[in-house]
Amino acid sequence: MLSHQSEKMSLMLTAKNHSIPLSDGNRIPIIGLGTYGDPRTTPKGTARECVKLAIDVGYRQFDGALVYFNEHEVGQAIREKITDGTVRREDIFYCGKLWSTFHPPELVRPALERTLKTLQLDYVDLYIIELPMAFKPGDKFYPKDKNGKYIYHETDLCATWEALEACKDAGLTKSLGVSNFNRRQLELILNKPGLKHRPVSNQVECHPYFTQPKLLEFCRQNDIVVVGYSPLGTSRDASWVNLKCPPLLEDEVLVSIGKKYNKSPAQVALRFNIQRGVVVIPKSFNPQRITKNFQIFDFSLTDDEMKLMEGLNKNIRFVELLMWSDHPEYPFHDDY
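If you look the protein up in an unreviewed UniProt entry, it shows as NADP-dependent oxidoreductase domain-containing protein from Pygocentrus nattereri. Heading Sequence similarities (unreviewed entry) of the UniProt record for the protein holds this comment: "Belongs to the aldo/keto reductase family."

Here is the structure:
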């Protein structure tokens, strides 16, 4: 259930002031722009233009990754908006990710430095382990053997985490977190002997059809902020999406609540999560949707509406990441 603290905090958030505290003393904006775009189909310059627009709209958090192949555009957009005086660097929150071919400790800092060089920024605000599973290190981000099977690599998450801690100590990132970790994998880090910096966040799929109540409660108890990706459902890309999932934004409950507040089902879905204290990072390269997705601070859902939406949970994932399904650490084998 929703904690009173999360509810109270969410009601105080505004378009101009919408960051929430992290356990290390830093803050994270409760809504960010996801910047993933299929590099094969997204026209060059799209990410740059959309990030610039998003900053003008009021977004201050940007969620990126080396394997999105567009960090150079995102970094350029941020730098241009700093140069024209719209924002200062300290106003922007950028999350970068350690990809699965860089888990060996000696590869962690070079991977982060590669991201910083691509962004042309001195530091990122949050650096996270993208997945608890590793691929074979090398030049290929998605290594396969001669039979077309992915080549996994044994990983020691605690050793990887120690290398991340050193990056924070060196000032390359302000905060550290994880993504797609279940409870067992989080406990591995939290219980690590000599832990210096705790994970402040866990980025996972989270929306009204997949509300993650157990993981959310565990993270709350451990001062870990949940960052919800695919908060509106997701694209229908068969390579990584479960196409059997019904389209979230056509749900009658979201539609009817939206009509009451003169809001779209997407805005209702986003509002639902932020009232639970869940950070949302909807991805869009559509200027109208980028603008509308941010317009979630001028209404709030009642307790009854929150309960109604919590009741929509079907425990179904849109994002299956089937490339990892044979991996023993595949986090989606566990309940949470």
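Engineer: Tell me what's going on with the overall build of the protein, and back it up with residues and numbers.
Structural biologist: In terms of regular secondary structure, the protein is built from 11 helices and 12 strands. In summary, the protein has a C-alpha radius of gyration of 19 Å against a globular reference of 20 Å for 336 residues, a match within 12%. The 336 residues of the protein split such that 56% are buried. In the protein, the share of contacts with a sequence separation of at least 24, taken over all contacts with a separation of at least 6, comes to 76%. Only carbon and sulfur atoms are counted for the fraction: they give 50% of the accessible area of the protein, which is about 15000 Å². Across the protein, the 43 positively charged side chains and the 42 negatively charged ones have centroids separated by 3 Å.

Engineer: Give me the lowdown on the packing of aromatic side chains, citing residues and values where you can.
Structural biologist: Evaluation of the coordinates by the stated rule reveals 13 aromatic pairs. On the numbers, 6.2 Å between centres and 65° between planes, the contact of Phe-135 with Tyr-142 is edge-to-face. Classification of Tyr-142 as partly exposed rests on a relative accessible area of 35%. Taken together, a centroid distance of 4.0 Å and an interplanar angle of 20° make the contact between Phe-135 and Trp-324 stacked. Here Trp-324 lies in the segment after helix H11 (303-310) and Phe-135 lies in strand S7 (residues 134-135), a separation of 189 residues in the sequence. Side by side, Phe-135 and Trp-324 carry an identical accessibility label, which is buried. Against the face of Phe-299 rests Arg-271, its NZ or CZ located 6.0 Å from the ring centre.

Engineer: Which residues make up the pairing of strand S6 (residues 124-129), and what values go with them?
Structural biologist: The side chains of a regular strand alternate, residue by residue, between the two faces of the sheet. S6 sits mainly inside the fold: 6 of its 6 residues count as buried. Looking at chain direction, strand S5 (residues 93-98) and S6 are connected through 4 bridges and run parallel. What sits directly across from Cys-95, in S6, is Leu-126. Of the crossover connections in this fold, the one passing from S5 over helix H4 (residues 105-119) to the parallel S6 is right-handed. When S6 meets strand S9 (residues 173-179), the two strands line up parallel, connected through 5 bridges. Of the residues in S9, the one forming a bridge with Leu-126 is Ser-175.

Engineer: Explain the sheet that holds S6 to me, and be specific about the residues and the numbers.
Structural biologist: On the basis of which strands lie adjacent, the open sheet formed by 8 strands has the order S3-S4-S5-S6-S9-S10-S11-S12 and parallel pairing. A strand with exactly one partner marks an edge of an open sheet, and here the two such strands are strand S3 (32-34) and strand S12 (279-280).

Engineer: Could you give an account of the UniProt feature "active site" (unreviewed entry) in the protein, naming the residues involved and the relevant values?
Structural biologist: As annotated by UniProt and renumbered to match this structure, "active site" (unreviewed entry) occupies Tyr-68. Structurally, Tyr-68 is set in the loop between strand S4 (61-63) and helix H3 (71-83). Excluding its chain neighbours within four sequence positions, the residues that come into contact with Tyr-68 are Thr-35, Tyr-36, Gly-37, Asp-63, Lys-97 and Glu-130.

Engineer: Before we move on, can you summarise H11 with the specific residues and values?
Structural biologist: Those residues of H11 that sit buried are Glu-305, Met-306 and Met-309. Angular distribution of buried residues about the axis of H11 spans 100°; they occupy a single face of the element. Where the residues of H11 are buried, they touch helix H8 (252-261) and helix H9 (265-275).

About the cut-offs
Residues numbered from 1 in each chain as written. Predicted model: local features only at pLDDT ≥ 70, side-chain atom pairs only at ≥ 80, totals over all residues. Heavy atoms only, no water. UniProt positions renumbered as here; feature names shortened; annotations may be inferred. Helix = DSSP H or I, 4+ residues; strand = E, 2+ residues; numbered from the N terminus. Rg over C-alpha atoms; globule rule 2.2 N^0.38 Å. Buried < 20%, exposed > 50% of the residue type's maximum accessible area, 1.4 Å probe, protein only. Contact = heavy atoms within 4.5 Å. Areas by Shrake-Rupley, 256 points an atom, 1.4 Å probe, with all protein chains shown as cover. Lys, Arg positive; Asp, Glu negative; His and termini not counted. Charge placed at Lys NZ, Arg CZ, Asp CG, Glu CD. Phe/Tyr/Trp six-rings, centres within 6.5 Å; stacked < 30°, edge-to-face > 60°. Lys NZ or Arg CZ within 6 Å of the ring centre and 35° of its normal. Pairing = 2+ DSSP bridges. Right-handed = clockwise from strand over helix to strand, strands pointing away. Arc of directions from axis to C-beta.

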